[in-house]
Amino acid sequence: MFRTALRNVFAHKARLLMTVLAVMLGVAFVSGTLVFTNTISSALEKSSSKGFDHVDVALTPGSTKAEGDKVGKEVKLTDATLEKARSAPGAASAYGVVSGYAAVAGQDGKLVGNGFSTKGGNYSGSNDPRYPFKTGAAPHGAHQVALDSQTAQRAGYKVGDQVRMSIDGPVLTPTVTGIFTTDDGNVAAGGSLALFDTATAQQLFHKPGAYDEIDVKAAAGTGQDQLKAALDKALGDDAVHTETGRQLADDQAESISSSMSSMKTMLLVFAGIALFVGIFIIANTFTMLVAQRTKELALLRAVGASRRQVTRSVLLEAFVVGAVAAVTGLAVGIGIGAGMRALMNGTGAIIPEGPLVVSPGTVVSALVVGVLITMLAAWLPGRRAAKIPPVAAMNAVHAAATTKSLIVRNTLGSLVSGVGIAAVLAATAMEGSAGQLPMGLGAALLVIGVFILTPLLSRPLIAAAAPLLRAFGISGKLARLNSVRNPRRTAATASALMIGLTLITGLTVIAGSVQGAINKMAADSLKADYVVSMANGNALSPDVVKTLDATDGVTATSGLTNSPSRIDGTTEYLTGVNGKTVDKLVELPMDSGKFTVGGTSVVVDDKTADDHGWKAGSTFTTTYEDGKKQRLTVAGVYQGNEMVTGVLLGSTTLNPHIDGTASDMQVMLKTSGGTSDATKDKLTKALGDNPAIQVQDKQDISNQIAQVFTLMLNMLYGLLAMAVIVAVLGVINTLAMSVFERQQELGMLRAIGIDRKGIKRMVRLESLVISLFGGVLGIGLGVFFGWAAGRLIGNSMSTYELILPWGRMGVFLVLAGAVGILAALWPARRAARLNMLAAIKSE
C-alpha cells in the first residue's frame, strides 16, 4: 500500500501541483511572519539593550497615591536627589536625564522622523559617556544643540549649521555644535535625537530643576543588586523607583516582544485564513482524485486491502504532498521575511542591523502546519473512499450523494446557520466589548453554516444567471448545467472565494461607516474654522494662542487645557476653555440648562452627569491638582461625543491651579473670512512655518481620518490577497481536474459539431458562474457582518450610520468575475486542444 500511494502521487503530479501551491502559500505566509517578527524583535532587543550599557541602576519618579480629595502627583527628581545618588555607597557616577519631544526640520523644511520618534534630551556636563562625539563638541547655552549622526546625515546638517526645530510651538534656530553617535534604540529605528545642555533642556521641556530619570553607574566590584539596595537605603523614599539596568533591559525586551506579538498575531490570523481557504482546495482535489480512482480502489479492496489501508494510502499521499509543500513554503517564507524587512527599510521605517532569525520553532511550525493541514483536509475524502463497496465501485465511476446524506447536510447547515444568525443578532443588542465574543462566534458559525448549505444554494442562484447565459447559445447552457452537476464540488470551489470576499466586504463597510460617523461628528460639533495642534499630540506652548490672537483676521480663539482633579472620591479630568468665545467654536446640543462657562459655572457631558447624579443647577466640590478646593455649579448638561467630553470650565478658573505652565492640547479658532488657502497660509506663517504644528480645517481633519482608514484597508486588502490567490488556485485546480474527468464528454461534444471556441467558451462561462456565485455569497455575508458590527459600534458612537459602498462592492463582484475568467484560461485551452477520437476512447 505504501508503494501504491507513492505511485499515485507521481502519477498525478500535475493534478496535485495546485494543491502543493495552495499549501505552500499558506506555509510561506506563516513562516515568513515568524521569520520577520523574530528578526525585528531580535534586532530591536539587541539595539535597546546597548542603551543600558551605561546604566547599572536607574531612578525614576513615582506618584503619590490619589485618595479622598487628594490628587495624585508625580514626585520630582531634583539636584538633591542626584547628589544623594552620587554619594551612595558603591556608586561611581550618576547622570540626570531630561527628555521630551523635539521636532527637527530638514533642509527642505519638513519634519525629520515621525511623531513620537523625534526626541530631545540633555548632554550632561562636557563629557557625557552616553553620547561620544564624531565631530564637534558639547552644546552650551540656549542657542546650541547637538544632533545624532543619522539625523544629521538624513537632514544634511554639519557642525556650524543653524537647524530649525520646535519643542512645543515656537520655532527655534540653534547652532549645531556637535554630531554624536548613540545606541538609543529609537534612533536606530529611524527616529531623531537632539541634545541640549541640562539647564536648557529642563527649561525647554518645562521641567526646571527636575529630571525624568537618574542613571547611576556602579563602582568596580559592586553588583547591580548591591547598588540598588544601597540607593534604596540612601534615598529612603517609596515614591522614587529604582530598577537595575539588567531589569530595565529585560523589561524593554518584554515590551518589544509584546508589541511585536500583536503584529505577529494579526499576520498569523491572515495566514490562518489563507490556510483555511486552502483546506477547501485540498479536500476538493482529493475528493476528485478518489472519485476518478474508484475502480482502482475497489480492485485493491477486492484483492484484500482493508478499509483502514485504503484510508491510510490516501493520507500517505496527503503526507507526501504536505511535506513537499511545507519544505518549499518554509524556503519561500524565509525569503518573504527578508523581503518584508527590506520593504520596511525602504518605506523609511528603519530597522536596526541584525541577522535574519530562523528559529527551530519556525521550522517545526512550518512543517507541522503544512503536513497537518493537508492530512486533515484529505481525511474525509480518504474515509469516503474506504466506505465505497468494491462491487459498487466497480460498476460506477462516480458515486452520487444519497438523498439521506443531502437531507442530513442541509438540516445541519440550517441549524448551524440559524444558531450563528441568532448569536450575531443577540450581540448587536449588547453594550461595548461584551458583544464582541458572541458576535465573533456567531459569525464563524454562520460562515460554516453557509458553507454546508452552499450545495443547496448553488442551484437557485446559478439558475438566476440562466437568462444571461442563454445569450451564449449551447455553450452557455452547458456551462450552467456543468456548474450544478456536482453541487458539492461547486460549493467547495465557490466557498474558497466567498471567505475572502466576506472579510474584504465586511471590513470595507465597517471602515466606511466609521469614517462617515467621525466626519459627521466633526462637522456637527465644530463651529471653529481651524484647529491648531502639535503633530505628535503633545501640548502646545502658551505662546501659540497669544500669537493667534494677535493675527489679523482671527476673531475668536479658545485653547483646550486638561488637568486632573478629585470629585466625589474619583479622578475626573477638567477641560479649561475660553468661556467668552467657546460657544462660537463648538456646537454641543444641551440636554438641560444653558451653555454658560466662566467663574464657578461649568457644563458637563451627559455621561459624567449620570455617573455623579448631576443636573442643571447641581453643585459639587472639586479638588484641583494643587490641592485647593472650590465649589462649582453645573450650568448645563450637554450631549458628549468623541470630540468634546467631560467637565468644561473657564481657563481663567482652572489655570491658576495647574502645576507648572498651563498648556493647551489644541487651540480652536474662528476667522473673519472663513476657511481658505490664503487664510491657512497666513496662520501657518504667523506660527513660523513650524513643521511640528498642524493647522487643520474640518476637511483636513476628515482627510486625516480618511488617510488612516485608507491605509488600514489597503494593508488588510494586501493581507487578504493571499486568501484570494489561494481561491484562484482552487478554481484552476477544480476546472483542470473537471476537464480531465470529462474527456469523453468533451470528445463527444467536439464530434457532434461544437468547435474549439465553443469548448473554451463553455469552460470559461462555467468558471465565471462559479466565481460570481462565490462573490455574491461573500458580498452578502460581508454586508450582514458589517451591519451587525456597526450596530455594536453604534451603541458607543451616536453619529454612526450604515454606509454601503456600492461602488466598491460592484468592483469586488467584477473582480470575482475576472478571477473566474483568468482561472479558466489554462483549463479552457487544455479542453479545446483535446484530440476528439482519443477523448472518446478514454474511460
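Residues numbered from 1 in each chain as written. Predicted model: local features only at pLDDT ≥ 70, side-chain atom pairs only at ≥ 80, totals over all residues. Heavy atoms only, no water.

Notes on the overall build of the chain
Inference 1: Summing up its helical and strand segments, the chain has 27 helices and 23 strands in all.
Inference 2: If one aligns the C-alpha atoms of the chain with their principal axes, the spans along those axes are about 95 × 70 × 50 Å.
Inference 3: Taken across its 843 residues, the chain has 48% of its residues classed as buried.
Inference 4: Counting contacts in the chain only where the partners sit at least 6 residues apart, residues at least 24 apart contribute 81% of the total.
Inference 5: Carbon and sulfur atoms form 60% of the exposed surface of the chain, whose accessible area is close to 37,800 Å².
Inference 6: Here the chain carries 74 positive and 61 negative side-chain charges, and the mean point of each set is 21 Å from the other. (Helix = DSSP H or I, 4+ residues; strand = E, 2+ residues; numbered from the N terminus. Buried < 20%, exposed > 50% of the residue type's maximum accessible area, 1.4 Å probe, protein only. Contact = heavy atoms within 4.5 Å. Areas by Shrake-Rupley, 256 points an atom, 1.4 Å probe, with all protein chains shown as cover. Lys, Arg positive; Asp, Glu negative; His and termini not counted. Charge placed at Lys NZ, Arg CZ, Asp CG, Glu CD.)

Notes on the confidence of the model for the chain
Inference 1: For the chain, per-residue confidence averages 83 on the pLDDT scale, and 90% of positions sit at 70 or higher.
Inference 2: Taken element by element, the predicted model of the chain shows its lowest mean pLDDT in helix H12 (residues 390-395) (60) and its highest in strand E10 (residues 175-180) (95). (pLDDT = per-residue confidence, 0-100.)

Regarding the side chain of Thr244
Inference 1: Within the element layout of this structure, Thr244 appears in strand E13 (residues 240-244).
Inference 2: The exposure class of Thr244 is buried, given its relative accessible area of 6%.
Inference 3: In this structure, Thr244 is in contact with Asp56, Val57, Gln224, Asp225 and Lys228, ignoring residues within four places of it in sequence.

A closer look at unusual backbone geometry
Negative phi characterises most residues that are not glycine, and trans characterises most peptide bonds.
Inference 1: Its identity is not glycine, yet Asp568 carries a phi of approximately 55°, on the positive side.
Inference 2: Within the secondary structure layout, Asp568 lies in the loop between strand E15 (554-567) and strand E16 (570-577).
Inference 3: Residue Asp568 is classed as exposed on the basis of its relative accessible area, which comes to 54%.
Inference 4: Although it is not a glycine, Asp689 adopts a positive phi angle of roughly 50°.
Inference 5: Here Asp689 shows up in the loop between helix H21 (677-686) and strand E23 (693-696).
Inference 6: Take Asp689: its relative accessible area is 42%, and that puts it in the partly exposed class.

Re a nonpolar patch on the surface
Inference 1: On the surface, Val364, Val368, Leu372 and Leu376 cluster together into a nonpolar patch covering about 380 Å² of accessible area.
Inference 2: Residue position: Val368 is located in helix H11 (residues 360-387).
Inference 3: On the accessibility criterion, Val368 (40% relative accessible area) is partly exposed. (Patch = residues over 30% accessible without salt bridge, like charges linked within 9 Å, V, L, I, M, F, W, Y side chains within 5 Å. Salt bridge = Lys/Arg side-chain N within 4 Å of Asp/Glu carboxyl O.)

Notes on the environment of Glu254
Inference 1: Mapped onto the elements, Glu254 comes out in helix H8 (residues 245-292).
Inference 2: Taking the relative accessible area as the measure of exposure, Glu254 reaches 57% and is therefore exposed.
Inference 3: Sequence separation of Glu254 and Glu45 is 209 residues, and the distance between their C-alpha atoms is 8.8 Å.

Considering the packing of helix H14 (residues 436-463) against helix H24 (residues 756-794)
Inference 1: As a packed pair, H14 and H24 sit with axes 11 Å apart at the nearest point and diverge in direction by 150°. Considering the angle they form, H14 stands roughly antiparallel to H24. Regarding H14 and H24, the two cross each other, and that crossing is right-handed. Residues Gln436, Met439, Ala443, Leu446, Val447, Val450, Thr454, Leu457, Ser458, Leu461 and Ile462 of H14 touch H24, and the partners they reach there are Val769, Phe773, Leu777, Leu781, Phe784, Phe785, Ala788, Ala789 and Leu792. (Axes fitted to C-alpha atoms, helices over the stretch in contact; angles between N-to-C directions. Parallel < 35°, antiparallel > 145°, perpendicular 65-115°, else oblique. Left-handed = near helix turned anticlockwise from the far one by under 90°.)

What about the pairing of E15?
Inference 1: The buried count for E15 comes to eleven of 14 residues, which makes it a mostly enclosed element.
Inference 2: In this sheet, strand E22 (residues 666-671) lies alongside E15 in antiparallel orientation, the contact comprising six bridges. Paired with Leu560 across the bridge in E22 is Gln666.
Inference 3: Of the strand pairs in this sheet, E15 and E16 are connected by seven bridges, and their pairing is antiparallel. Within E16, the position partnered with Ser565 by the bridge is Glu572.
Inference 4: Where E15 hands over to E16, the hairpin turn is made up of two residues, of which Asp568 adopts a positive phi near 55°.
Inference 5: Summarising the sheet, E15 and strand E19 (residues 619-623) pair through two bridges and their orientation is antiparallel. Considered in E19, the bridge of Arg566 is made with Thr623. (Pairing = 2+ DSSP bridges.)

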